[in-house]
Every structure is written in structure tokens, then in C-alpha cells.
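# Summary of structural features
Here are the chains, one letter per residue:
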Amino acid sequence: GAVVSQHPSRVICKSGTSVKIECRSLDFQATTMFWYRQFPKQSLMLMATSNEGSKATYEQGVEKDKFLINHASLTLSTLTVTSAHPEDSSFYICSARAPPGIPGNTIYFGEGSWLTVV
Amino acid sequence: AQTVTQSQPEMSVQEAETVTLSCTYDTSESDYYLFWYKQPPSRQMILVIRQEAYKQQNATENRFSVNFQKAAKSFSLKISDSQLGDAAMYFCASGGGSEKLVFGKGTKLTVNP
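Reference entry: report on the structure contained in this document. (Residues numbered from 1 in each chain as written. Chains lettered and ligands numbered in written order. Predicted model: local features only at pLDDT ≥ 70, side-chain atom pairs only at ≥ 80, totals over all residues. Heavy atoms only, no water.)

### Focus: the overall build of chain B
A count of helical and extended segments in chain B gives 0 helices and 12 strands. Counting from the amino terminus, chain B carries its helices and strands in the arrangement β-β-β-β-β-β-β-β-β-β-β-β. Taking 13 Å as the expected radius of gyration for a compact globule of 113 residues, we find that chain B reaches 13 Å, a close match to that expectation. Oriented by its inertia axes, the alpha-carbon framework of chain B measures out at about 45 × 25 × 20 Å. For chain B, with 113 residues in total, the buried portion stands at 47%. Summing over all exposed atoms, chain B offers an accessible surface of approximately 5,500 Å²; the carbon and sulfur share of this is 46%. Across chain B, the 11 positively charged side chains and the 11 negatively charged ones have centroids separated by 4 Å. (Helix = DSSP H or I, 4+ residues; strand = E, 2+ residues; numbered from the N terminus. Rg over C-alpha atoms; globule rule 2.2 N^0.38 Å. Buried < 20%, exposed > 50% of the residue type's maximum accessible area, 1.4 Å probe, protein only. Areas by Shrake-Rupley, 256 points an atom, 1.4 Å probe, with all protein chains shown as cover. Lys, Arg positive; Asp, Glu negative; His and termini not counted. Charge placed at Lys NZ, Arg CZ, Asp CG, Glu CD.)

Put into C-alpha cells, the structure is as follows:
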């Protein structure tokens, strides 16, 4: 089946620094990827929609200058948390929609990335 | 706008028994899809089952089946012959033409041996 991979799975960074998380679709091309954030014991909150070759679409309340999203190719989207603060510590997870041919508009998720800002 | 409501924060079931998780949704989309995802402690989101809204027939995947009531905007998940490995958070989600998914708050399922 379709596979989406995220890297790194865990990262610790110092407050004030930036950290990049990668999301790759390994066996299909994804024109659209999605970035979610999940707080402990809560549901997934959509942060932004990443569109290949164009600007990301951010959800209301998400700071686009803080959470930079780049979708430079059909298999890679990156999320960069800039000037990270402890409150940015969270579980970040990406997803990608499989192309036509796989029925049901299936969306596959990466393994997620734990970010800890110290 | 889309909303998804899961009214059961926690559920428990005895091994080998059947359990039903509830989900209601609201959407302005005319063509949409409904999903149940499982999230074990590893946090990996695993697709359990999907339902195309235009299909009247309820989707079934082995021990997992749904009861899709379109008029009532209800999409419950039934797990038959529950196994210890079914223990996880279960999220109901709705997605339309925009392709982004809206998730419910989740139901934590415990399977008792």
C-alpha cells in the first residue's frame, strides 16, 4: 500500500532555534499534503495544506511565518518551526492523498514527529 | 464547514465481544467521504475503514463494519470479535472535495482480556 514517511521521528531543539520536519510520499506523487498537530490526549488539528509548487494554505489561527511549509516536489513537503519555543513542543504528523486509482480518496499518514523545545 | 462529533471519550469491551463506536458529522459538501482511523500508542494513524457518502451500502473490512445513516449524518463503527490489539484511540473523520480531513475528538477503546 501507499507509504508516507516522516523524519525525524523525534527531535529536541533549543528555544529560539529552527527545526525542519520532512514528509515524503515514498511510492506515489502527492500534489497535496497536510500538516497536523496533536496535543496530548487530543485530536489532530489541521495546521495547513501544502500544495506542490505554490504557497501553503494555513488554517485560521496558525502563524504562517512561524510554521513555514515548503512543497518543492511531488514527493516531499517540509515543515519548519522557526524560532521555536517550549509551547511549540508537540506531535506533528503529515498526510498525503493517494492518487486516483486507489478508491475512496484515501489519505495516508506519516509516522509523526515528536518535537521537544527546551 | 465540517464538524465531526464523537460523544464517547472512552469505551471498553471484553475480548471476543462486539463494540460500537459512535460518530456524527455535519458537512456542506455534496460529495464526501467518511473514515475511521486507529491510533495505537505508537501514534501511527492507521486507516481502519472508509465510506463513500454516495454509496448506500455499508462498508465492511473483516471484523470492522460501519452503520452509515446519511440522513441522520451518523457513521458508527462496529468491531466484532474484539482483540487485544484493537485497543487504541479511534478517530472518526470526514473529508470532502477539498480533501482535508476533519477529525472528531476520538474514543479511547480498552479491550479487557
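### Comments concerning the state of the cysteines
Residue and element names in this part refer to chain A. One pass over the structure, following the stated rule, counts 2 disulfides over all chains. Covalently, Cys-23 is tied to Cys-94 through a disulfide, its sulfur atoms 2.0 Å apart. Measuring the twist about the S-S bond at about 80 degrees, one finds the Cys-23-Cys-94 disulfide to be right-handed. Residue Cys-23 is located in strand β3 (residues 19-25), and its partner Cys-94 is located in strand β9 (residues 90-97); the two are separated by 71 residues in the primary sequence. (Disulfide = S-S within 2.5 Å.)

### Topic: the pattern of salt bridges
One pass over the structure, following the stated rule, counts 4 salt bridges over all chains. Here Glu-22 of chain A makes a salt bridge to Arg-24 of chain A, at a shortest N to O gap of 3.4 Å. Overall, the relative accessible area of 35% leaves Arg-24 of chain A in the partly exposed class. One salt bridge in this structure joins Asp-26 of chain B and Lys-73 of chain B, with 2.8 Å as the shortest N-O distance. In this pair, Asp-26 of chain B sits in strand β4 (residues 24-26) while Lys-73 of chain B sits in the loop between β8 (64-69) and β9 (74-79), placing the two residues 47 residues apart along the sequence. (Salt bridge = Lys/Arg side-chain N within 4 Å of Asp/Glu carboxyl O.)

### A closer look at the interface of chain A and chain B
With 23 residues of chain A at the contact, the number on the chain B side is 19 residues. Taken together, both faces of the contact between chain A and chain B bury some 1,800 Å²; the carbon and sulfur share is 54%. Where chain A touches chain B, the interface holds 0 salt bridges. In this assembly, chain A and chain B are joined by 7 residue pairs in polar contact (both at pLDDT 80 or more). Those elements that provide at least two residues to the side of chain A that touches chain B are β4 (32-38), β5 (44-51), β9 and β10 (107-109) of chain A. At 4 residues, the largest contribution of residues to the side of chain A that touches chain B is made by β4 of chain A. Residue classes in the side of chain A that touches chain B are distributed as 12 nonpolar, 8 polar and 3 charged. (Contact = heavy atoms within 4.5 Å. Buried area = accessible area lost by both parts, 1.4 Å probe. Polar contact = N/O pair within 3.5 Å; in protein donor to acceptor, adjacent residues only side chain to side chain. Nonpolar A, V, L, I, M, F, W, Y, C, P; charged D, E, K, R; others polar.)

### Observations concerning the sheet that holds strand β1 (residues 4-7) of chain A
All names here are of chain A. Strand order across the open sheet formed by 4 strands is β1-β3-β8-β7, with antiparallel pairing between neighbours. Bordering the open sheet on either side are β1 and β7 (67-73), each of which pairs with just one other strand. Each strand axis lies, on average, 15 degrees off the axis of its neighbour in the sheet, ignoring direction. Sheet topology places β3 next to strand β8 (residues 76-81); 6 bridges connect them, and they run antiparallel. Paired with Val-19 across the two strands is Val-81, which belongs to β8. (Pairing = 2+ DSSP bridges. Axes fitted to C-alpha atoms, helices over the stretch in contact; angles between N-to-C directions.)

### Structural notes on the environment of Lys-78 of chain B
Residues and elements named next belong to chain B. Note on placement: Lys-78 falls in strand β9. Lys-78 sits in the partly exposed class, given a relative accessible area of 37%. Along the chain, Lys-78 and Cys-92 lie 14 residues apart, while their C-alpha atoms are 12 Å from each other. In this view, Lys-78 contacts Thr-18, Val-19, Thr-20, Arg-63, Phe-64 and Ser-65; residues no more than four positions away in its chain are not counted.

### Comments concerning the side chain of Gln-2 of chain B
Residue and element names in this part refer to chain B. Mapped onto the secondary structure, Gln-2 falls in the segment before β1 (3-5). Accessibility expressed as a relative area gives 14% for Gln-2, which makes it buried. Within polar-contact distance, the side chain of Gln-2 engages the side chain of Ser-94 at 2.7 Å.

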